[in-house]
Amino acid sequence: MTEERKTVFSGVQPTGTMHLGGYLGAFRNWVALQDEYDTVYCIVDLHAMTNPTDPEEFTTTRLETAKVLLALGIDPQRSLLYMQSQVPQHAELAWILGTLTPTGVLNRMTQYKDKVARGIPANVGLYTYPVLMAADILLYHAQLVPVGEDQKQHLEMTRDLAERFNNRYGDVFPIPDPLIPKTTARVMSLTEPTAKMSSSDENPKSRINILDSPDEIRTKVRSAVTDSEPTVRYDLEAKPGVSNLLDIMSGCTGRSVDEIATEYESRGYGTFKDAVAEAIATELAPFRSRYRDLDNTEVARVLLKGALDARQKAELYQDQARRAVGLGKL
Ligand code: AMP
Ligand code: TRP
């Protein structure tokens, strides 16, 4: 007997360059999960609209995000990969779930508060962002959701919404669990190693992009912030920059931090940084080359096919939800 595979759902916002942090912290795991689960990966472009961007640039970024995911090894034969806006059921379920969401709950969402504090306009889309995220997950009856630390509160809210729905309308949604990767890598900024590496950092030297050339990688790693004690050792408090480089090199090579620290302990920062750059470049090289081989029209076609399959899957469950709330056939 083959046990039925669990459904994993995750989403990524097409908001800009995809970097090493996203790769080591999330997408590498997405690729691995394909072996064990029914994986649904959604490029959440409706979510990305909560932070307004130029329409032309947005169109490009949406496609770019898909191309990078494909280059990283998301396999459309094994995963459902599609664009959120091409599956209208997401927005519809978000509306239904919105009617079950107390505003008091949304008022407590820390990410909303953080984003507004950073100057993103406080629009209704940004406010109800977590409701749309809950809809994404529940639409496919996903049981597992790989998320980073910053999304845990949203997932908690998703679980509450599923329970509230089930209590009011009958058992429709499974309660999804977070899936925390075994090796949770948190990659820090190269220029400010106490902050997360992020696509929104204005300084391009703060991050390694997945498509950076070996030269670009070397230049950025060489200019990474370290400290004045030229010993390579892991100490997050006293040496956050060096510790981050050790974590990155370990993430890219599979070697332990201890082993790497011992090897480079007294060989100077220059030598160590070149080795880190080399490890990153080696890890990213196949992705760059696969990316170059991808054709935009072909990728758009893959996404459309994904959306058609996703719609079909979503529609079955959606129908169930519609009937449960009294929006079924008249
Ligand atoms: P973002 O690029 O911020 O939309 O993030 C995409 C995914 O990568 C999310 O699941 C994040 O949790 C993860 N991620 C983003 N930045 C980092 C980072 N610096 N370290 C580890 N994981 C990250
Ligand atoms: N909010 C997530 C992020 O910024 C993206 C996302 C949208 C998501 N819908 C999702 C992640 C559903 C997991 C499941 O990273």
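Anything mentioned here points back to the structure above.
All figures in this text were calculated on a predicted structure; none of them were measured in a lab.

A. Broad picture of the overall build of the chain. Within the chain one finds 14 helices and five strands. Relative to the compact-globule value of 20 Å for 330 residues, the chain shows a C-alpha radius of gyration of 21 Å, a close match. Within the chain, the proportion of its 330 residues that are buried is 47%. In the structure as shown, the chain presents an accessible area of about 16,500 Å², 51% of it carried by carbon and sulfur atoms.

B. Structural context of the packing of aromatic side chains. Going through the model one piece at a time under the given rule, you end up with nine aromatic pairs. With 6.0 Å between their ring centres and 50° between their planes, tyrosine 82 and tyrosine 140 make a pair best called tilted. On the criterion of sequence distance, the pair formed by tyrosine 82 in strand E3 (residues 79-83) and tyrosine 140 in the loop between helix H8 (129-139) and strand E4 (144-146) is long-range, its members being 58 residues apart. Taken together, Phe9, Tyr82 and Tyr140 form an aromatic cluster joined through their ring pairs. Over the face of the ring belonging to tyrosine 291 we find lysine 67, whose NZ or CZ atom lies 4.6 Å from the ring centre. Between lysine 115 and the ring centre of tyrosine 129, over which it is positioned, the NZ or CZ distance is 4.3 Å.

C. Representation of the site of ligand 2. Taken together, 13 residues form the shell around ligand 2, and within it Gln13, Tyr129, Met133, Asp136 and Gln151 come nearest. At 2.6 Å from a nitrogen atom of ligand 2 is found a side-chain nitrogen or oxygen belonging to tyrosine 129. In this structure, a nitrogen atom belonging to ligand 2 sits 2.7 Å away from a side-chain N or O atom of aspartate 136. Protein contacts shield 88% of the accessible area of ligand 2, which totals 360 Å² for the unbound molecule. Listed by contribution, the elements that provide at least two residues to the shell around ligand 2 are strand E1 (7-12) and H8. Element by element, the count of residues in the shell around ligand 2 is highest for H8, at four residues.

D. Fine view of the side chain of aspartate 45. Here aspartate 45 is to be found in helix H2 (residues 45-48). Within the structure, aspartate 45 has its side chain in polar contact with the side chain of arginine 62 (distance 2.9 Å). Aside from chain neighbours lying at most four places away, what touches aspartate 45 is Pro14, Phe58, Arg62, Met83, Gln84 and Ser85.

E. Main features of helix H3 (residues 55-72). Across its 18 residues, H3 extends 26 Å between first and last C-alpha, which sits within 8% of the 26 Å expected from 1.5 Å per residue. Within H3, burial applies to Phe58, Thr61, Arg62, Thr65, Ala66, Lys67, Val68, Leu69, Leu70, Ala71 and Leu72. Within two residues after H3, glycine 73 carries a phi angle of roughly 115°, on the positive side.

Each value, and the rule that gives it
Residues numbered from 1 in each chain as written. Chains lettered and ligands numbered in written order. Predicted model: local features only at pLDDT ≥ 70, side-chain atom pairs only at ≥ 80, totals over all residues. Heavy atoms only, no water. Helix = DSSP H or I, 4+ residues; strand = E, 2+ residues; numbered from the N terminus. Rg over C-alpha atoms; globule rule 2.2 N^0.38 Å. Buried < 20%, exposed > 50% of the residue type's maximum accessible area, 1.4 Å probe, protein only. Areas by Shrake-Rupley, 256 points an atom, 1.4 Å probe, with all protein chains shown as cover. Phe/Tyr/Trp six-rings, centres within 6.5 Å; stacked < 30°, edge-to-face > 60°. Lys NZ or Arg CZ within 6 Å of the ring centre and 35° of its normal. Near = heavy atom within 4 Å. Polar contact = N/O pair within 3.5 Å; in protein donor to acceptor, adjacent residues only side chain to side chain. Contact = heavy atoms within 4.5 Å. Expected span 1.5 Å × (residues − 1).

So far we have only geometry, and geometry alone does not tell us how the molecule works.
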